[in-house]
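Single-letter residue listing:
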Amino acid sequence: MSAASCLLTEDQFLCSICLDVFTDPVSTPCGHNFCKTCITEHWNINVPYQCPNCKKVFYTRPELQVNTFISEMAAQFRQSAQQKASSSSSEQQVSKPGEVPCDVCTGTKLKALKSCLVCLESYCETHLEPHLTRSGLKRHQLIDPVENLEGRMCLKHDKLLELFCKTDQMCVCMLCTVLDHKTHDVVPLREEYEGKKAELGKTEAEIQQMIQKRRLKIEEIKHSVELSEEDADREIADGVQVFTALKESVERSQAELMDTIKEKQRKTEKQAEGFIKELEQEISELKKRSTEVEQVSRSEDHLHLLQSFTSLNTAPPTKDWTEVSVHPPSYEGTVRRAVSQLEETLSKQMKKLLAEVELKRVQQSAVDVTLDPDTAHPYLILSDDGKQVTCGDVKKNLPKNPERFDTCPCVLAKQSFSSGRFYYEVQVKGKTKWDLGVARESINRKGKIPLGPQNGYWTICLRNENEYKAFAYSSVSLSLKSRPEKVGVFVDYEEGLVSFYDVDAAAPIYSFTGCSFTEKLYPYFSPCFNDGGKNSAPLIISPVNQARRSSLLRDIVF
C-alpha cells in the first residue's frame, strides 16, 4: 500500500469540487470519485443529476458507493500531507500584526505568501502548493498577499474587478462593461496600471525633486542662521568695544572732574595752613612777650623795671588779620561744564565710531573686481592683472566694438551685479582728476557722455585737485574734511542705494538713495586724461583690508 501510494500524484487524492483531499470518497456509476458531502450537495442543487467531471446525465439519482481503496489512500495521503505541513509550518513565519495571515490555516495562522484573485483567499507556503502544481489552479491569478480580497469584487455583480473605465475613472467587472459602462472607454486593469504606474513614477520623481529642493532650502536656511549668528557675534563684540570705550571715556571725565574739585580743595587747604602757621607763630611771640612783661612787673628792682619798660611796653610786630579770611572755592558750574565738555567729546567720538562701524559693515560685502579691456577707451592703459588703469598719451588701435567707450576715458569692470550688495575700494592717491561709481548695462558708450542717474550713471568725481562733486540729477558740490586717498563704493541693489566712503578716514562722502535698478550694474572707472603728466597716477582697485575690523577703536582718542 505504501509503495503504491508513492506512485500516485497529489491530484488523484483531490476532490474536483472542493479541491481538497477526499473526505468519505464515493464513486459515481461513471467511475469518478468525489467527497460524499460535495457530490450530495451538488446534486441537491443541480437537477438533472450530472457528473461534474464527464458531464454524464443520470435521470434518476444514482446510488453512491463508498470507495474503500480511495478512502484508505486518501487517509494515508492526508496523514503524509499533515506531517509535511507540520514540518513546513515550523520553518514558516507566524503571521504578525500588520501582515496578511493564511485563510486556510487553523489554530496558529502562518504568514501568507500569495493571495488568489479567483479563490479570494490568501495562502501560506503549504496551502499555496496546489495553486503551483495543479493545472486547473495554475490558471488562477496570484498576487502579493493583500487583505480584504472581497474589495476586489464588484459589489453589484459579484464579479472580479478586472477592467478599468477611463470615462468614470473606476474599476469595473465584465458585466459592468455591457450594462452600466457600455459606451465608456474601458481597458484592462494592466493597461491602466502601466499608465498610472508611469504617472506615479513621474510623480515620485517630482516629489523627490521637491524633497531635494526643500533639503537644499533647509541647508540654505541653516547657513543663513549660521551667518546671522556670526554677524550677531561680531556686532556684539563691536558693541562691547564701543560701549567699553565710551564707558572708559565717561569714567575718565569723571576722574578729571574729581581731580579738578580736589585740586581746588587742596589749594584752599594749603592757603589756610599758611595762615594758621603764621598766626600760631605770632601767638608764640605774643606769649613770650607776655611772660617777660609779667616777670618785670613783679620785680621790686626800680631801676630794672624802668630800663625794661620802654622795650616791653611796645607790642611785638604782628600782622593785621582783620581783613584776612579763607574763602571756600566756588564749584558753581564745574559739573555742568564737565558734562557739557563730555557731551561734546562723546558726540565727536560717536560720529567717528558710527562711521567706522558703518564702513566695517559694508566691507562685509567686498567683491573681487577686475577691469574689462573690451570696454576701455583706446587711450587707457590697463595692467595685466586688470587692477590698475591710467591714461596714456598714445591712442591704441583697438577693435571698435559696441561695448567700448570711444570719447571719454572710461572703463567698466568685467563683473556685473543684478541683486544683493557689493563693495569695492579704489586708490586715488596722487591724482588731480577721477570719476568713480557704477553704471547700468544699457548706458551710451559713444561720444560725449553726460554723467547722472538719468543717463544710467551713479558717480562722484574730483576736479582741479580739490573740487569734489556728485553727479546727481544736478551737480552737487561736496565738502570733505580730508583729501581721500582710497575711496570705497557700496551698492545695495534692492534698497536702491549707492554710497561712497573715504576709507582711511572711515567717513561717508556721499550717497545716492531711492534709486530704481532694473538691469545689471557695472563698476565704473575713469582716470581722466593725463594733463601732461599732472594726472598720471593710476586708479588702483585695492583689496579690502579686513584687518580694520580688529582695529575699530585703535585711532579713536578720548
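Computed from a prediction, not measured in an experiment: that's the story for all the values here.

Peer 1: Account for the overall build of the chain, naming residues and giving values.
Peer 2: Secondary structure assignment for the chain yields 9 helices and 24 strands. Relative to the globule expectation of 24 Å for 558 residues, the C-alpha radius of gyration of the chain, 56 Å, shows a markedly less compact shape. The contacts of the chain with a sequence gap of at least 6 include a subset with a gap of at least 24, amounting to 58%. In the structure as shown, the chain presents an accessible area of about 34,900 Å², 52% of it carried by carbon and sulfur atoms. Taking the average location of the 72 positive side-chain charges in the chain and that of its 80 negative ones, the two points are 5 Å from each other.

Peer 1: Got a sec to walk through the side chain of serine 122? Specific residues and values, please.
Peer 2: Secondary-structure assignment places serine 122 in strand E7 (residues 121-123). Sequence-distant contacts of serine 122, that is, excluding residues within four places in its chain, are made with Val100, Pro101, Cys102, Asp103, Val104, Ala112, Lys114, Ser115, Val146 and Leu149.

Peer 1: Before we move on, could you go through the pattern of salt bridges and cite the residues and values that matter?
Peer 2: Under the criterion given, the structure shown has 16 salt bridges. Notably, a salt bridge pairs aspartate 231 with arginine 234, separated by 2.3 Å at the nearest N-O pair. Taken as a pair, aspartate 231 and arginine 234 lie in helix H7 (residues 189-297) at a separation of 3 residues, close to a single helical turn. Classification of aspartate 231 by relative accessible area gives partly exposed; the value is 37%. For aspartate 368, the salt bridge is made with lysine 387, and the minimal N-O distance between the two is 2.5 Å. On the criterion of sequence distance, the pair formed by aspartate 368 in the loop between helix H9 (334-363) and strand E12 (380-382) and lysine 387 in the loop between E12 and strand E13 (388-391) is long-range, its members being 19 residues apart. Aspartate 368 gets classed as exposed once you look at its relative accessible area, which sits at 54%.

Peer 1: Provide a residue-level description of helix H8 (residues 302-313), including the pertinent values.
Peer 2: Taking 1.5 Å per residue, 12 residues should reach 16 Å; H8 reaches 16 Å between its end C-alpha atoms and fits that length. Backbone nitrogen of leucine 303 and a side-chain oxygen of the N-cap are separated by 3.2 Å at the start of H8; the cap is aspartate 301.

Peer 1: So, the pairing of strand E22 (residues 507-512): which residues are in play, and what are the values?
Peer 2: With 5 bridges joining them, strand E21 (residues 497-502) and E22 adopt antiparallel strand pairing. Looking at E22, one finds that aspartate 502 is bridged to alanine 507.

Peer 1: Would you mind going over the sheet that holds E13 in detail, with residue names and values included?
Peer 2: Read from one edge of the open sheet, 7 strands run E12-E13-E24-E15-E20-E21-E22, paired in antiparallel fashion. Only two strands of the sheet have a single neighbouring strand rather than two, namely E12 and E22. Averaged over all pairs of adjacent strands, the angle between strand axes in this sheet comes to 20°, irrespective of strand direction. Sheet topology note: the strand E15 (residues 421-427)/strand E24 (residues 539-542) ladder contains 3 bridges and is antiparallel. Bridging from a neighbouring strand, valine 426 pairs with isoleucine 541 of E24. Contacts from H9 reach E15, strand E20 (486-492), E21 and E22 within the one sheet, and its direction differs from that of E15 by about 110°.

About the cut-offs
- Residue positions within a chain follow its written sequence, with the count starting from 1.
- Under the rules for a predicted model, residues below a pLDDT of 70 receive no local features and side-chain atom pairs below 80 are neither given nor counted, while totals for whole chains, interfaces and linings still include all residues.
- Side-chain metrics in this entry use all non-hydrogen atoms of the structure; hydrogen atoms and water are not considered.
- Strands are runs of DSSP state E lasting at least two residues, helices are runs of H or I lasting at least four, and both sets are numbered from the N terminus onward.
- Taken over C-alpha atoms, the radius of gyration is set against a globule rule of 2.2 Å times the number of residues to the power 0.38.
- Here, two residues are considered to be in contact whenever any of their heavy atoms come within 4.5 Å of each other.
- Here the accessible surface of atoms and residues is derived via Shrake-Rupley with a 1.4 Å probe, and residues count as covered only by protein chains that are part of the display.
- When charges are counted, Lys and Arg are positive and Asp and Glu negative, with His and the chain ends excluded.
- One atom stands in for each charge, and that atom is NZ of Lys, CZ of Arg, CG of Asp or CD of Glu.
- For this analysis, a salt bridge means a side-chain nitrogen from Lys or Arg found within 4 Å of a carboxyl oxygen belonging to Asp or Glu.
- Note on exposure labels: buried denotes an accessible area under 20% of the residue type's maximum, exposed denotes more than 50%, and partly exposed covers the range between, all computed with a 1.4 Å probe on protein chains only.
- Expected span of a helix, by definition, is 1.5 Å for each gap between consecutive residues, and there is one gap fewer than residues.
- The definition of a polar contact used here is a pair of N or O atoms within 3.5 Å, where within protein one atom must be able to donate a hydrogen and the other to accept one, and adjacent residues in sequence count solely through side-chain atom pairs.
- DSSP-based pairing: two strands are paired if at least 2 bridges between them are found.
- Axis angles are defined between N-to-C directions and span 0 to 180 degrees, where every axis is a line fitted to C-alpha atoms and, for a helix, only to the segment in contact.

Take it as geometry only, folks, not as evidence of what the structure does.
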